[in-house]
Amino acid sequence: MTVLPWLRRNRWSFAAIGVLVLWAALDLATSRFSLQNLSGVASSASFLAVVALGQMFAVATGGGNIDLSVPSVITLSAFVTMILSGGTDAGLALALPAVVLVGLAVGAVNAFLILRVRIPAIIATLAVGYVLDTAVLITNRGFTTFGVSPALHLVAAGRVLGVPLILVAAVLLAGAASAVIHRTGYGRSLMAVGQNAVAADLAGARVGRITTAAFMISGVLAGLDGALLSAHAGGAFLGMGKPYLLESVGVVVVGGTLIFGGSATPLGTLLGSVLLVLIVTTMQIAGLAGGVQDVMQGGVIIAVLLAAGAGASRRTA
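Residues numbered from 1 in each chain as written. Predicted model: local features only at pLDDT ≥ 70, side-chain atom pairs only at ≥ 80, totals over all residues. Heavy atoms only, no water.

Engineer: Looking at this structure, how should I read the overall build of the chain?
Structural biologist: Helices and strands together make up the secondary structure of the chain, namely 14 helices and 2 strands. When the accessible surface of the chain is totalled, it reaches about 14,800 Å², and 69% of it is carbon and sulfur. (Helix = DSSP H or I, 4+ residues; strand = E, 2+ residues; numbered from the N terminus. Areas by Shrake-Rupley, 256 points an atom, 1.4 Å probe, with all protein chains shown as cover.)

Engineer: What am I meant to see in the confidence of the model for the chain here?
Structural biologist: Reading predicted coordinates in detail is not appropriate for stretches of low pLDDT. Overall, the prediction assigns the chain a mean pLDDT of 87, with 88% of residues at 70 or greater. The low-confidence segment residues 312-317, where pLDDT is below 50, has 2 contacts with residues more than four positions distant or belonging to other chains. (pLDDT = per-residue confidence, 0-100. Contact = heavy atoms within 4.5 Å.)

Engineer: I tried to follow the packing of helix H4 (residues 70-85) against helix H11 (residues 207-233) on my own but got confused; where do I start?
Structural biologist: To describe two helices that pack against each other, one gives the angle between their axes and the distance between the axes. Relative orientation of the contacting elements H4 and H11 amounts to 50 degrees, with a least axis distance of 7 Å. Between H4 and H11, the angle falls in the class oblique. Two packed elements cross with a definite hand, and for H4 against H11 that hand is right-handed. For the pair H4 and H11, the contacting residues are Val70, Val73, Ile74, Ser77, Ala78, Thr81 and Met82 in the first and Ser218, Gly219, Ala222, Gly223, Asp225, Gly226, Ala227, Leu229 and Ser230 in the second. When its residues are assigned to classes, the contact of H4 with H11 shows 8 nonpolar, 7 polar and 1 charged. (Axes fitted to C-alpha atoms, helices over the stretch in contact; angles between N-to-C directions. Parallel < 35°, antiparallel > 145°, perpendicular 65-115°, else oblique. Left-handed = near helix turned anticlockwise from the far one by under 90°. Nonpolar A, V, L, I, M, F, W, Y, C, P; charged D, E, K, R; others polar.)

Engineer: Explain helix H12 (residues 244-254) to me, please; I cannot follow it from the model alone.
Structural biologist: Counting buried positions along H12 gives 8 out of 11 residues, so the element sits mostly inside the fold. Once H12 finishes, Gly256 follows within two positions and takes phi at roughly 110 degrees, a positive value. (Buried < 20%, exposed > 50% of the residue type's maximum accessible area, 1.4 Å probe, protein only.)

Engineer: How do you make sense of the environment of Asn196 when you look at a structure like this?
Structural biologist: The residue Asn196 is located in the loop between helix H9 (185-195) and helix H10 (197-202) in this model. Considering only alpha carbons, one finds Asn196 and Gly63, 133 residues apart in sequence, at a separation of 8.8 Å. At a separation of 3.2 Å, a polar atom in the side chain of Asn196 contacts the main-chain amide nitrogen of Val198. (Polar contact = N/O pair within 3.5 Å; in protein donor to acceptor, adjacent residues only side chain to side chain.)

Engineer: Looking at this structure, how should I read the environment of Ile210?
Structural biologist: Within the secondary structure layout, Ile210 lies in helix H11. Separated by 19 residues in the primary sequence, Ile210 and Met191 place their C-alpha atoms 9.9 Å from one another. Sequence-distant contacts of Ile210, defined by excluding residues within four places in its chain, comprise Tyr186, Ser189, Leu190, Val193 and Ala205.

Engineer: Looking at this model, I keep getting lost on unusual backbone geometry. Mind explaining?
Structural biologist: Apart from glycine, the bulk of residues carry a negative phi angle, and the bulk of peptide bonds sit in the trans form. With phi around 65 degrees, Arg118 is a residue other than glycine that occupies positive phi space. Within the secondary structure, Arg118 sits in the loop between helix H5 (89-115) and helix H6 (121-141). Given the relative accessible area of 68%, Arg118 is considered exposed. One non-glycine residue, Leu161, lies in positive phi territory at about 55 degrees.

Engineer: Quick question: what am I supposed to make of the side chain of Ser149 here?
Structural biologist: Following the sequence through the fold, Ser149 ends up in the loop between H6 and helix H7 (150-157). For Ser149, the side chain forms a polar contact with the side chain of Asp89, separated by 2.6 Å. Ignoring sequence-local partners within four residues, the contact set of Ser149 consists of Gly87, Thr88, Asp89 and Leu92.

Engineer: Would you mind going over the packing of H9 against H11 with me for this structure?
Structural biologist: Interhelical geometry of H9 versus H11 gives an angle of 105 degrees and a closest axis separation of 10 Å. As summarised for this structure, H9 and H11 are arranged roughly perpendicular, according to the angle between their axes. When H9 is examined against H11, the residues Tyr186, Ser189, Leu190 and Val193 are found in contact with a partner set consisting of Val207, Ile210, Thr211, Ala213, Ala214 and Ile217. In terms of residue class, the contact of H9 with H11 is made up of 8 nonpolar, 2 polar and no charged.

Engineer: Teacher, can you tell me more about a nonpolar patch on the surface here?
Structural biologist: A contiguous nonpolar surface patch, about 250 Å² in accessible area, is contributed by Ile83, Leu84 and Leu94. Looking at where Leu84 falls in the secondary structure, it is placed in helix H4. (Patch = residues over 30% accessible without salt bridge, like charges linked within 9 Å, V, L, I, M, F, W, Y side chains within 5 Å. Salt bridge = Lys/Arg side-chain N within 4 Å of Asp/Glu carboxyl O.)

Engineer: Explain the side chain of Thr75 here, please?
Structural biologist: Residue placement: Thr75 occurs in helix H4. The buried category is assigned to Thr75, whose relative accessible area is 5%.

Engineer: Would you mind showing me how to read the environment of Pro164 here?
Structural biologist: On the secondary structure map, Pro164 appears in strand E2 (residues 163-164). Accessibility expressed as a relative area gives 4% for Pro164, which makes it buried. Separated by 118 residues in the primary sequence, Pro164 and Ser46 place their C-alpha atoms 9.1 Å from one another. Non-local contacts of Pro164, meaning those with residues more than four positions away in its chain, are made with Ser39, Ser43, Gly158 and Arg159.

Given below as structure tokens:
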């Protein structure tokens, strides 16, 4: 009787249980799953976690806000990184600030469309994504650079004692996000805005600035993820960020962040990334077709959303 309330208070625990169950099932069901495979899962999950942590801030603002421009930011940032860095660490010093500026600008535009023009977030961010896709198409026409900065490649693909450095970076990022949310005035204000923007405004919170900052964080982390992915893949290509369109949202919800806003769980987002990648790995080992994998991933996300909706109904009843 005491376990269930604890699980509900610590929503990240459901993702943790899912990871343990799937890991054990894969270990028992097949001899093809090893610690080396787990290391690959951790690496893939880390790239997903970076963009999902940014998505988490956008979702936490409430009002059904999500950022669907992240795949386009990832792709554009990958091209920007490859072009400006020129495969050198000296060039990376120019590329990374440019990527951050791209993320900040996209986040600011998204927030402006949502807050000032009053366009629903799902439409505004998707439209911005289409504009960015056009920019990527133009950039791709003259793209000939495939050199990767050694320093960036080290972070994206390097290992220390067998542990992927990108996993270390994702864990540190999740820790930083948790500190922001739980130990800063901005984090407390963000949760207040997500729970009730009108009440937060009456209490003196600067709702517009808080929401804008959240979308700018989402844009910056998507941009940095694009830079890292370009180093990991050894280049940039069209549609590079497409897999992260709904996966980033799904991970946030599976990890325990409330889709209605006012709550954020960085640890759950990190664990949710591992869980989603493990689900994909399980389906690949089972030999399921790509279309079936997409359907099952969607089913998992829908099930979690339905559970979240049911929980919200019980709280408001």
